[in-house]
Amino acid sequence: MTEKTRKPPLLTLPILKGSRDLTITRLKRGEDSFTLHYRMTPPLPESGSESLVLPVLEAVDDLGNEYDDRGGAYGTHPDGTCTDGSLSGHPALHPEASSLRVRITWLRGGKETPYDMTLALRP
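Attention here is on the structure that accompanies the text.

Reading guide: rules and limits
- Residues numbered from 1 in each chain as written.
- Predicted model: local features only at pLDDT ≥ 70, side-chain atom pairs only at ≥ 80, totals over all residues.
- Heavy atoms only, no water.
- Pairing = 2+ DSSP bridges.
- Helix = DSSP H or I, 4+ residues; strand = E, 2+ residues; numbered from the N terminus.
- Axes fitted to C-alpha atoms, helices over the stretch in contact; angles between N-to-C directions.
- Buried < 20%, exposed > 50% of the residue type's maximum accessible area, 1.4 Å probe, protein only.
- Salt bridge = Lys/Arg side-chain N within 4 Å of Asp/Glu carboxyl O.

Another aspect to go through is the sheet that holds strand β4 (residues 53-61). Pairing within the open sheet is antiparallel, and its 8 strands lie in the order β1-β2-β3-β6-β5-β4-β7-β8. With partners counted over all chains shown, the strands left at the sheet margins are β1 (11-15) and β8 (111-120), one partner each. When the angles between neighbouring strand axes are averaged without regard to direction, this sheet yields 25°. Sheet topology note: the strand β3 (residues 34-41)/strand β6 (residues 83-90) ladder contains 7 bridges and is antiparallel. Note on β6: the bridge partner recorded for histidine 37 is serine 86.

Here is the structure:
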């Protein structure tokens, strides 16, 4: 039996004052939207926690097309070591765009902490 080959992450950066690492694991294109999949280590607090953290997505491609947040979801990985999540943007990525500038703003306790990154778009 062969082990499934895992693709390398698209990007990893420290966030929230260096308390966590955010790894963008995949960018999935859809017919009318796209989804960024991410992993955060250590995990985010659970939804009942006082220090709930909510991400908001903004994006623009190298052609100037803007994309709006369509929501997302996250939860603690079954082994408890990280949070796995996704954020969706709308509309679908332009087929001729070669890069996507993404801003994820983390909302926590009334404070906004934005992080900017650029992702190469593969056909």
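On we go.
Time to look at the pairing of strand β7 (residues 99-108). Where β4 meets β7, 9 bridges bridge the pair, whose relative direction is antiparallel. Looking at β7, one finds that leucine 57 is bridged to isoleucine 104. Judged from the 10 bridges that link them, β7 and β8 form a sheet pairing that is antiparallel. Counterpart to arginine 103 in the pairing with β8 is aspartate 116. The hairpin turn running from β7 into β8, its antiparallel successor, is 2 residues long, and glycine 109 in that turn takes a positive phi close to 55°.

Next up on the list: the environment of lysine 111. Here lysine 111 is to be found in strand β8. Judged by its relative accessible area of 59%, lysine 111 falls in the exposed class. Taking the C-alpha atoms as reference, lysine 111 lies 9.9 Å from valine 53; in sequence the two are 58 residues apart.

Here we take up the pattern of salt bridges. In the structure shown here, the tally under the stated rule is 2 salt bridges. Between aspartate 84 and arginine 39 there is a salt bridge, with the nearest N and O atoms lying 2.6 Å from each other. Residue aspartate 84 is found in strand β6, and its partner arginine 39 is found in strand β3; the two are separated by 45 residues along the sequence. We classify arginine 39 as partly exposed; its relative accessible area is 23%. The residue arginine 103 makes a salt bridge to aspartate 116 at a minimum N-O spacing of 2.7 Å. A residue pair is termed long-range when its members are at least 10 positions apart, and arginine 103 in strand β7 and aspartate 116 in strand β8 qualify at 13 residues. Since its relative accessible area comes to 34%, arginine 103 is described here as partly exposed.

The values are spatial; any link to function lies outside them.
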